[in-house]
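# Observations on the three-dimensional arrangement
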Amino acid sequence: ELGTDEWKRVLREGRELGALQLGFTGGEPMLRDDLEELVAEAHRLGYYTNLITSGIGLTEERLTALKAAGLNQIQLSLQSSDRTLTDALVGARAFDLKIKVAHMIKAFGFPMVLNVPVFRQNIDQVEEILALAEEIGVDYLEFANIQYYNWALLNRDELLPTRTQIETAERAVRAARERIGDRMTIYFVI
């Protein structure tokens, strides 16, 4: 893994090549103790910066520091509108933390993307997830059907939604788009 100074060099080289946007992702970028320093360097160089996170490790103190460093946007992952399913999929008690973090992100004034990987076990929750996103004040909601390669391909029979589930979810998304208008952009990625 690159150290702080090495990453700063890479960020400078990226800007020299014309890169304009930078996503801090992982694994989990909140595990880096130098994340705020890297965000500040990216901001100084003129990047538009996006933090892509599970929310674990994102505290008020770190949000304050990231805001001061110039972070532009945050994308938070959420696996389900159901506490039990989310916690089971994450392998930890994460649901309540993710909801708390989502509210903190909005309280700090960050534009927010809520990313929900879609598969058979959560696709029937689309309406509940839409309601939750609306209540939080999410700016962008992305339902991203998982892609079937590697482990997902091996587990396709368990994970792949039925055609009926996909069509029902698409109808719910269309209805929400009409109802919500431009208050929230909703993506449904097949």
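Glancing now at the overall build of the protein chain. Secondary structure summary: the protein chain contains nine helices and six strands in total. A compact globule built from 190 residues should have a C-alpha radius of gyration of about 16 Å, and the protein chain, at 18 Å, falls within 12% of that. With the C-alpha coordinates aligned to their principal axes, the bounding extent of the protein chain is approximately 50 × 35 × 35 Å. The buried share of the protein chain, taken over its 190 residues, is 46%. Within the protein chain, the 29 negative side-chain charges are centred at a point lying 2 Å from the centre of the 21 positive side-chain charges.

A separate point is helix α3 (residues 60-69). When we look at burial in α3, the residues that qualify are R62, L63, L66 and A69. In a view along the axis of α3, the buried residues occupy a sector of 125 degrees, so they form one face of it. Across α3 from its buried face, at more than 90 degrees, point the exposed residues E61 and A68. Next to the buried residues of α3 lie α2 (35-45), β2 (48-53), β3 (73-77) and α5 (95-107). Just beyond α3, the residue with positive phi is G70, at close to 105 degrees.

Turning our attention to the side chain of N50. Considering the arrangement of structural elements, one finds N50 in strand β2. Look past the residues within four positions of N50 in its chain and what remains in contact with it is L22, G23, F24, L71, Q73, I74 and Q75.

Right, let's get into the nonpolar core. If you look at the biggest cluster of nonpolar residues, it comprises 49 residues, and the most contacted ones within it are L51, I105, L114, L141 and F143. With residues near it in sequence (within four places) discarded, L141 still touches L114, V116, I129, L130, A133, M184, T185, I186 and Y187.

In strand β1 (residues 21-24), alternate side chains face the same way, and those of L22 and F24 are buried while those of Q21 and G23 on the opposite face are not. Across four bridges, β1 lies against β2 in parallel orientation. Directly across from G23, in β2, lies its bridge partner N50. Considered for its hand, the β-α-β crossover made up of β1, α2 and β2 is right-handed.

What follows concerns the environment of E134. Note that E134 resides in helix α6 (residues 126-136). E134 sits in the partly exposed class, given a relative accessible area of 30%. In contact with E134, not counting residues within four places along its chain, are R179, I180, R183 and M184. Reaching out from E134, the side chain makes a polar contact with the side chain of R179 at a distance of 2.8 Å.

This next bit is on the packing of aromatic side chains. For the structure on display, the rule yields one aromatic pair. Ring geometry for F143 versus F188: centroids 6.1 Å apart, planes at 55 degrees, classification tilted. Pair noted here: F143 is in strand β5 (residues 140-145) and F188 is in strand β6 (residues 185-189), with a separation of 45 residues, a long-range link. No difference in accessibility class separates F143 from F188, as the two residues are buried. Above the plane of the ring of Y47 lies R15, whose end atom (NZ or CZ) is 5.6 Å from the centre. The aromatic ring of F110 is capped on one face by K67, whose charged end is 4.5 Å from the ring centroid.

Rules used throughout
- Residues numbered from 1 in each chain as written.
- Predicted model: local features only at pLDDT ≥ 70, side-chain atom pairs only at ≥ 80, totals over all residues.
- Heavy atoms only, no water.
- Helix = DSSP H or I, 4+ residues; strand = E, 2+ residues; numbered from the N terminus.
- Rg over C-alpha atoms; globule rule 2.2 N^0.38 Å.
- Buried < 20%, exposed > 50% of the residue type's maximum accessible area, 1.4 Å probe, protein only.
- Lys, Arg positive; Asp, Glu negative; His and termini not counted.
- Charge placed at Lys NZ, Arg CZ, Asp CG, Glu CD.
- Arc of directions from axis to C-beta.
- Contact = heavy atoms within 4.5 Å.
- Core = buried A, V, L, I, M, F, W, Y, C linked by side-chain atoms within 4.5 Å.
- Pairing = 2+ DSSP bridges.
- Right-handed = clockwise from strand over helix to strand, strands pointing away.
- Polar contact = N/O pair within 3.5 Å; in protein donor to acceptor, adjacent residues only side chain to side chain.
- Phe/Tyr/Trp six-rings, centres within 6.5 Å; stacked < 30°, edge-to-face > 60°.
- Lys NZ or Arg CZ within 6 Å of the ring centre and 35° of its normal.

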